[in-house]
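Single-letter residue listing:
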Amino acid sequence: MGSYKTLSSSLNWPSGLGDQGTVTLVTSVGLGANDGTVLIPHFLTSAHEQKLPAILVSFTQTYNHYLHIMRKMGMAKTKFKFVNALATTMVGQKEGGLESLPLVTRPDYTLRRGEWSGFFQWLSDQTTIAATATATGAAAGAAEVEQGGVVLVVDGLCSLVDLGMDISEAVWFMDCCRRILGSKGRIVVGVLLDEFTEDLVRELVRKSHYYFGFTALVSGSSRDISGQVTVVPGQLYCQLQNLHNNSGGSGREFKPLVLHYCVSDTNVQFFSPGQSHIVL
Amino acid sequence: MNATGLSIRRLAAYQQYTAPLVILSETVRQTALPLQEAMVRESLARGMYVIAVCLEGLPSSDIRASPLFRLIDQRPTVESILSVQESSPSSSSYLLPGLLKRTDFARLQSEIEDHIRRAQEGGVAANGGGGGDSRTGVLVFVDSIDRLLRSSRVSTLALLRSIRGSMGNSIKSRLLIRFSCDAPVRYDSSQSKSAGVADSLYTANALCDLADAVVDVHPLDDLKTWMPGWYSDGNQPPFISLRDNDPRRGLVRLEHKRQSGKIGFEVATFEIDPQTRLPKFLAVDVSAGSQLPQHVVPASGSALAPQAGASSAPPQANTAATAAAAAAANTFNSTVVSQAQHASLQPSLDPAANLSFNLNLTDRQRRDKASVEMPYMDAQMASASGEPPSDSAGTVAGDILYQLDDEDDWDEDDPDDDLEI
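Residues numbered from 1 in each chain as written. Chains lettered and ligands numbered in written order. Predicted model: local features only at pLDDT ≥ 70, side-chain atom pairs only at ≥ 80, totals over all residues. Heavy atoms only, no water.

1. Details of the overall build of chain B
Right, so step 1: Secondary structure summary: chain B contains 13 helices and 9 strands in total.
Right, so step 2: Evaluated residue by residue, chain B yields a buried proportion of 41% over its 421 residues.
Right, so step 3: Taking as baseline every contact in chain B between residues at least 6 positions apart, the subset at least 24 positions apart corresponds to 69%.
Right, so step 4: As displayed, chain B has an accessible area near 23400 Å², and 52% of this comes from carbon and sulfur atoms. (Helix = DSSP H or I, 4+ residues; strand = E, 2+ residues; numbered from the N terminus. Buried < 20%, exposed > 50% of the residue type's maximum accessible area, 1.4 Å probe, protein only. Contact = heavy atoms within 4.5 Å. Areas by Shrake-Rupley, 256 points an atom, 1.4 Å probe, with all protein chains shown as cover.)

2. So, the environment of A:Glu195
Right, so step 1: Along the chain, A:Glu195 falls in the loop between strand E6 (186–192) and helix H7 (198–206).
Right, so step 2: The class for A:Glu195 is exposed, based on a relative accessible area of 60%.

3. Description of the interface of chain A and chain B
Right, so step 1: The interface of chain A with chain B comprises 52 residues on the first partner and 52 residues on the second.
Right, so step 2: Summing the contributions of chain A and of chain B, the shared interface buries around 4500 Å²; its carbon and sulfur component is 58%.
Right, so step 3: In terms of surface lost to chain B, no three residues of chain A exceed A:Trp172, A:Arg179 and A:Gln235, which account for 17% of the buried area on that side.
Right, so step 4: We note a salt bridge from A:Arg202 to B:Asp182, for which the minimum N-O separation is 3.8 Å.
Right, so step 5: There are 10 residue pairs in polar contact (both at pLDDT 80 or more) connecting chain A and chain B.
Right, so step 6: Of all the elements in the fold, those that place two or more residues in the side of chain A that touches chain B are helix H4 (116–139), helix H6 (167–181), H7, strand E8 (227–233), helix H8 (237–246) and strand E9 (257–263) of chain A.
Right, so step 7: No other element matches H8(A), which puts 8 residues into the side of chain A that touches chain B.
Right, so step 8: Classifying every residue of the side of chain A that touches chain B by side-chain character gives 23 nonpolar, 17 polar and 12 charged. (Buried area = accessible area lost by both parts, 1.4 Å probe. Salt bridge = Lys/Arg side-chain N within 4 Å of Asp/Glu carboxyl O. Polar contact = N/O pair within 3.5 Å; in protein donor to acceptor, adjacent residues only side chain to side chain. Nonpolar A, V, L, I, M, F, W, Y, C, P; charged D, E, K, R; others polar.)

4. So, unusual backbone geometry
Trans is the common state for peptide bonds, and a negative phi is the common state for residues other than glycine.
Right, so step 1: Residue A:Asn12 is not a glycine yet carries a positive backbone phi of 65°.
Right, so step 2: Relative to the helices and strands, A:Asn12 resides in the loop between helix H1 (5–11) and strand E1 (23–28).
Right, so step 3: Its relative accessible area of 26% is what places A:Asn12 among the partly exposed residues.
Right, so step 4: Positioned with a positive phi, B:Tyr14 is a non-glycine residue whose angle comes to about 55°.
Right, so step 5: Examined against the element boundaries, B:Tyr14 turns out to sit in the loop between helix H1 (7–12) and strand E1 (21–26).

5. A closer look at the packing of helix H2 (residues 39–49) of chain A against helix H3 (residues 63–72) of chain A
All names here are of chain A.
Right, so step 1: Between H2 and H3, the shortest axis-to-axis distance is 11 Å and the interhelical angle comes to 80°. The angle between the axes of H2 and H3 places the two elements in the roughly perpendicular class. Here Ile40, Pro41, Leu44 and Thr45 of H2 come into contact with H3, specifically with Tyr66, Ile69 and Met70.
Right, so step 2: Of the residues belonging to the contact of H2 with H3, the class tally is 6 nonpolar, 1 polar and no charged. (Axes fitted to C-alpha atoms, helices over the stretch in contact; angles between N-to-C directions. Parallel < 35°, antiparallel > 145°, perpendicular 65-115°, else oblique.)

6. Some details on the sheet that holds strand E9 (residues 279–283) of chain B
All names here are of chain B.
Right, so step 1: Reading across from one edge, E3-E2-E4-E5-E1-E6-E7-E8-E9 is the order of the 9 strands in this open sheet, with mixed pairing throughout. Two strands lie at the open edges of the sheet, namely strand E3 (69–73) and E9, each paired on one side alone. Here the strands of the sheet are splayed against their neighbours by 25° on average, with no regard to which way each runs.
Right, so step 2: With 9 bridges joining them, strand E7 (residues 249–257) and strand E8 (residues 263–272) adopt antiparallel strand pairing. Opposite Leu254, over in E8, you have Glu266 as the bridge partner.
Right, so step 3: In the packing of helix H7 (residues 153–167) onto the sheet, contacts are made with E1, strand E4 (138–142) and strand E5 (173–180), and the angle to E5 comes to roughly 155°.
Right, so step 4: Where helix H8 (residues 199–210) meets the sheet, it contacts E1, E5, strand E6 (213–218) and E7, and its direction lies at approximately 165° from that of E5. (Pairing = 2+ DSSP bridges.)

7. Concerning the sheet that holds strand E7 (residues 210–215) of chain A
The strands making up a sheet are joined through hydrogen bonds of the backbone, oriented either antiparallel or parallel.
Residues and elements named next belong to chain A.
Right, so step 1: The strand order across the open sheet formed by 10 strands is E4-E3-E2-E5-E6-E1-E7-E8-E9-E10, and the pairing between neighbours is mixed. Whereas interior strands pair on both sides, the edge strands pair on one side only; in this sheet they are strand E4 (109–110) and strand E10 (268–271).
Right, so step 2: Here E7 runs beside E8; their pairing, made up of 6 bridges, is antiparallel. Across the sheet, Tyr211 pairs through a bridge with Val232, a residue of E8.

8. Description of the confidence of the model for chain B
Residues and elements named next belong to chain B.
Right, so step 1: With 67% of its residues at a pLDDT of 70 or more, chain B shows a mean pLDDT of 73.
Right, so step 2: Confidence drops under pLDDT 50 across residues 130–134; counting only partners more than four residues distant or on other chains, this segment forms 4 contacts.
Right, so step 3: Among the prediction metrics, the complex's ipTM stands at 0.86, with pTM recorded as 0.75. (pLDDT = per-residue confidence, 0-100.)

9. Structural notes on the nonpolar core
Across soluble globular proteins, nonpolar side chains show a tendency to be buried alongside one another.
Right, so step 1: Residues B:Leu35, B:Val140, B:Val215 and B:Val252 are the most contacted members of the largest nonpolar core, which totals 66 residues.
Right, so step 2: The biggest single contributor to this core is strand E2 (residues 49–54) of chain B, with 6 residues. (Core = buried A, V, L, I, M, F, W, Y, C linked by side-chain atoms within 4.5 Å.)

10. Points about the pairing of E8(B)
Residues and elements named next belong to chain B.
Right, so step 1: Of all 10 residues in E8, 7 are buried, a share of seventy percent or more.
Right, so step 2: Between the antiparallel neighbours E7 and E8 lie 5 residues, among them Gly261 with a positive phi of about 105°.
Right, so step 3: In terms of strand pairing, E8 meets E9 through 5 bridges, oriented antiparallel. Counterpart to Phe270 in the pairing with E9 is Phe281.
Right, so step 4: A loop of 6 residues connects E8 with E9, the two strands running antiparallel in sequence, and Arg277 in this loop sits at a positive phi of about 60°.

Quick look at the structure:
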């Protein structure tokens, strides 16, 4: 189970991840505690626990930012590849500028403006490596290896819209990633939801299987509760449901729900509304 | 309400109505994909050929496994993604022209019409080439036309018009389109980005004008907002709420243009049967004076049909014609369900229904609450009746007793005396 056990059990996700071939959309309203990026360590750690290759593509932060958070939460051993997409915001960046960084913080790939084909090729290579590793593991009789698949986490896709990119292009980026990852991969996309990105979020909801909406409490601010998250099916979930029915029913049905959460310095707790430790 | 049955039920069952072009209009809060796939399954169950034009994703595996299914795959391949040409780093557009290349509409139209012709010829051969309309029905469905509209709106409308013409007026031929009516993206990338009426509104109007039937899909929670007497509380609704995008049920509003020129409107709820995965439709009465959704009375005028499998005797009002009509309706598996089942489809009106803690009162708590005497109720009741309260000391109930301070200067004059009214 992933780092947030309550969340995983509430969602009926034993592995802490959605099904293979799915897209999970995480939206955040406002800044600060209403930030859906609290789920990024969960997905990366869950992938690591399931021995699945994880890739984090960030359009908003550097690698050190996530490394620092993971260390504070005790997830420093989680291994994942980092793609520095923050470089897309830079124009005229000198080649090799990142070589001065220490190896431990150097990104595995740098996504620059106008070089998406190179990224897609790199992503395709990672998918091939993961598939090969799965085949090797299956041949060796390793039972604990899940059936392959790369977990791709994209943070801040809405930044492309802020940079003037058309919504259809940003959606195409996700479509291409999904096509490359294939039916085994999983994609998690994190965006900010406001009046400028609402159109992008609408398009992404149509292409997602799960939707996590992080918002502030309706009743107002609270010291002990950072916000609430609404989890509902995305528009493609019905096809997933049909797949479960066709396969005889795996017994794991996704349940829409509303949870409250509290962000502390080293942990994030999820609980049902009215079940915080203050109430109890 | 249509006393002879729901129009959308007949439409989905290919009964009575000819509708060569049907558009399923969806929003971000409720997708039409489950209903579209259920209608596709209904077509397959009736022996019709189904041609899928897939631009974004494939249909469910059970649909693809059918021998009557034909696929026109227009999705981008991994090879095409990896082989795209790079643009200049200083280009304002990240996106590489190859990914947004215009769709070859002529080729797509030719391919669709070729599939239609082969399907119809195959149906004639299967039926022995007999006289009359022995052609097998054909359903062409497009998973989402947004990508076509982005490429060229004019060409997309022309494509739909020509495919609709190829369908003819056969009751068993149909073009089924899913359209996102709240997608505000700019259609037809060749146009400049100018302010004004949103492109999606213009496109929605154009599609509605072209279509023979438009089915708007909404979440069930929207039903209460259509009821007379509902008012918003002024709070902004959430972007997506807990009951949105329920893949099993929803609310539909049908606008059907019949060949006679009449336009019919209908509101109904639908539920996807988990076993058969076919749609069931239930009527909804949103007319003035109705408080809650009601059942439609079947054509026989008898009581609601019992639940399938129940060992109850049929109503005495049943006639042979009614039984035949009921049997015909049952072939579509859209029976009128019992009120208990219908109630289960309605959103719960009890706000304390889905909480993790108990807010309900026990009988003793209700009695204690009812027996609590409000402290000033006695005085208020006495004020209303004009009688002094039982514990008063000669004062009139409801009076405000105020002791003037030394600094107070009580003026008995009317402050409005100087007004010349």
